Amino acid sequence: MDIKGAVALVAGGGGGFGAASARRLHAAGARVVVCDLDEAKGKAVAEDLGDGAVFVRTDVTDEDSVQAALDQAAELGQLRIVVVAHGGRGGSRTLDRDNRPAPQESFTRVVEVFLNATFNIGRLAAAAMARSEPLEHGERGVIINTASIAAYDGTIGQAAYSAAKGGIVAMTLPLARDLAPLGIRVVTVAPGTFLTPAFGDADPAQLDAYWGAAVPFPKRMGRPEEYAQLIQQIAENVYLNGETIRLDGALRFTPKGAK
Ligand SMILES: NC(=O)c1ccc[n+]([C@@H]2O[C@H](COP(=O)([O-])OP(=O)(O)OC[C@H]3O[C@@H](n4cnc5c(N)ncnc54)[C@H](O)[C@@H]3O)[C@@H](O)[C@H]2O)c1
């Protein structure tokens with residue numbers, strides 16, 4: 001796909017992966033809808049990009065909210081690229097230190113935010129893309145979801161997060177198969193550890209040293225720009241479809257993650 005002139009919607013566009021993707025796609029000539037629950041962060045990204053970028057306050061778990069963002073995208077032109085990169089909080093260990101079971105609600109909340117919301121965006125975005133004119137190869141658009149390597153090697157305390165991310169990996173192929181007749185591709189990225197605001201306010205150099213030590217090569221955390229680079233590559237390569245791509249420097253989590 002030629003990104004120039006395409007309309008892209010980035011969910012979680014105020015965050016580490018989302019902002020980097022919005023910047024990269026905008027630099028490649030896309031008009032970008034930055035969607036985020038956090039108005040300050042999302043607006044800052046859209047304002048920084050200037051012409052061809054708009055912010056829409058969006059809750060990805062809410063149908064009406066996602067539909068309103070898609071309606072805004074339709075005003076910019078034909079939707080071609082959707083990047084699903086919103087965040088959320090993790091879950092709890094199965095048993096706490098006193099062997100009390102985790103609240104079931106903590107599990108369902110994580111699945112709701114990461115997995116259910118990813119499907120919510122995908123189904124609504126696909127309906128919008130279905131109305132677009134086909135491009136070269138009959139392609140109408142691409143939906144790029146974000147899983148995690150925790151889908152494969154989840155660490156202690158990640159049962160809910162791994163289940164949610166594993167669900168995103170598992171639904172990639174059936175989504176691609178569902179949408180293939182329309183020329184809509186579905187590709188998932190499974191990142192390792194990336195230096196984004198999701199890691200909190202700790203000193204970036206310390207984070208890099210701690211988490212980067214476990215990465216075979218390059219021996220550091222990933223950069224959001226490297227995630228965004230893959231987003232552009234996925235958008236451009238029409239033959240990538242129905243697959244999850246690990247982006248992790250060959251990292252495999254140990255039970256505790258890094259050590
Ligand atoms: N950073 C990493 O190392 C890493 C690794 C693997 C997977 N991931 C995944 O990548 C995604 C993005 O991670 P990040 O590191 O960029 O996080 P981030 O915290 O930097 O950004 C997440 C953004 O999502 C927004 N958000 C949260 N809930 C929302 C909602 N309900 N609706 C709309 N927006 C919402 C936040 O306001 C924030 O701007 C997450 O799904 C995360 O699990 C991150």
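As the structure is a computational prediction, the values presented were derived from the model and not from experiment.

The rules behind each value
- Residues numbered from 1 in each chain as written.
- Predicted model: local features only at pLDDT ≥ 70, side-chain atom pairs only at ≥ 80, totals over all residues.
- Heavy atoms only, no water.
- Helix = DSSP H or I, 4+ residues; strand = E, 2+ residues; numbered from the N terminus.
- Rg over C-alpha atoms; globule rule 2.2 N^0.38 Å.
- Contact = heavy atoms within 4.5 Å.
- Areas by Shrake-Rupley, 256 points an atom, 1.4 Å probe, with all protein chains shown as cover.
- Lys, Arg positive; Asp, Glu negative; His and termini not counted.
- Charge placed at Lys NZ, Arg CZ, Asp CG, Glu CD.
- Salt bridge = Lys/Arg side-chain N within 4 Å of Asp/Glu carboxyl O.
- Buried < 20%, exposed > 50% of the residue type's maximum accessible area, 1.4 Å probe, protein only.
- Phe/Tyr/Trp six-rings, centres within 6.5 Å; stacked < 30°, edge-to-face > 60°.
- Pairing = 2+ DSSP bridges.
- Axes fitted to C-alpha atoms, helices over the stretch in contact; angles between N-to-C directions.

Enquirer: So what exactly am I meant to see when it comes to the overall build of the protein here?
Expert: A count of helices and strands for the protein gives seven helices and seven strands. Counting from the amino terminus, helix and strand elements in the protein follow one another as β-α-β-α-β-α-β-α-β-α-β-α-α-β. Here the protein has a C-alpha radius of gyration of 18 Å; the compact-globule value for 259 residues is 18 Å, and the two agree. In terms of principal-axis extent, the alpha carbons of the protein reach across some 55 × 35 × 35 Å. Counting contacts in the protein only where the partners sit at least 6 residues apart, residues at least 24 apart contribute 69% of the total. Just so you have it, the protein exposes about 12100 Å², and 52% of that area is on carbon and sulfur atoms. Placing the 26 positive and 30 negative side-chain charges of the protein at their respective mean positions leaves the two points 6 Å apart.

Enquirer: I would appreciate a short explanation of the pattern of salt bridges in the present structure.
Expert: One side chain can pair with another of opposite charge once the charged atoms of both are near each other. Within the structure shown, the criterion is met by twelve salt bridges. For Asp48, the salt bridge is made with Arg23, and the minimal N-O distance between the two is 3.5 Å. With a gap of 25 residues between them, Asp48 in helix α2 (residues 39-49) and Arg23 in helix α1 (residues 16-27) connect regions that are remote in the sequence. Among the residues examined, Asp48 registers a relative accessible area of 52% and is labelled exposed. Note that Arg100 and Asp98 form a salt bridge whose closest N and O atoms lie 3.5 Å from each other. According to the relative accessible area criterion, Arg100 is partly exposed, its value standing at 49%. The exposed category is assigned to Asp98, whose relative accessible area is 55%. Salt bridges sharing common partners tie together Asp153, Arg246, Asp248 and Arg252.

Enquirer: Quick question: what am I supposed to make of the packing of aromatic side chains here?
Expert: In this description, a pair of aromatic rings is defined by centroid distance and the angle of the planes. Taken as a whole and assessed by the stated rule, the structure comprises five aromatic pairs. Seen in terms of ring centroids, Phe199 and Trp211 are 5.5 Å apart; in terms of plane orientation they differ by 70°. Their pairing is edge-to-face. Within this pair, whereas Phe199 is found in the loop between β6 (184-191) and α6 (204-212), its partner Trp211 is found in helix α6, the two being separated by twelve residues in sequence. Considering the side-chain rings of Tyr210 and Trp211, the 5.2 Å spacing of their centres and the 85° angle between planes classify their relative orientation as edge-to-face. For Tyr210, a relative accessible area of 36% translates into the label partly exposed. Following the ring pairs from residue to residue traces out a cluster consisting of Phe17, Phe194 and Tyr227.

Enquirer: Hey, could you run me through the sheet that holds strand β2 (residues 31-36) in this one?
Expert: Strands pair in a sheet through their backbones, by hydrogen bonds, and they do so in one of two ways: parallel or antiparallel. Strand order in the open sheet formed by seven strands is β3-β2-β1-β4-β5-β6-β7, and the pairing between neighbours is parallel. Bordering the open sheet on either side are β3 (53-57) and β7 (244-247), each of which pairs with just one other strand. For this sheet the average axis-to-axis angle between neighbouring strands, irrespective of direction, equals 20°. One ladder, built from six bridges, connects strand β5 (residues 141-146) with β6; its direction is parallel. Bridge assignment links Ile143 to a residue of β6, and that residue is Val186.

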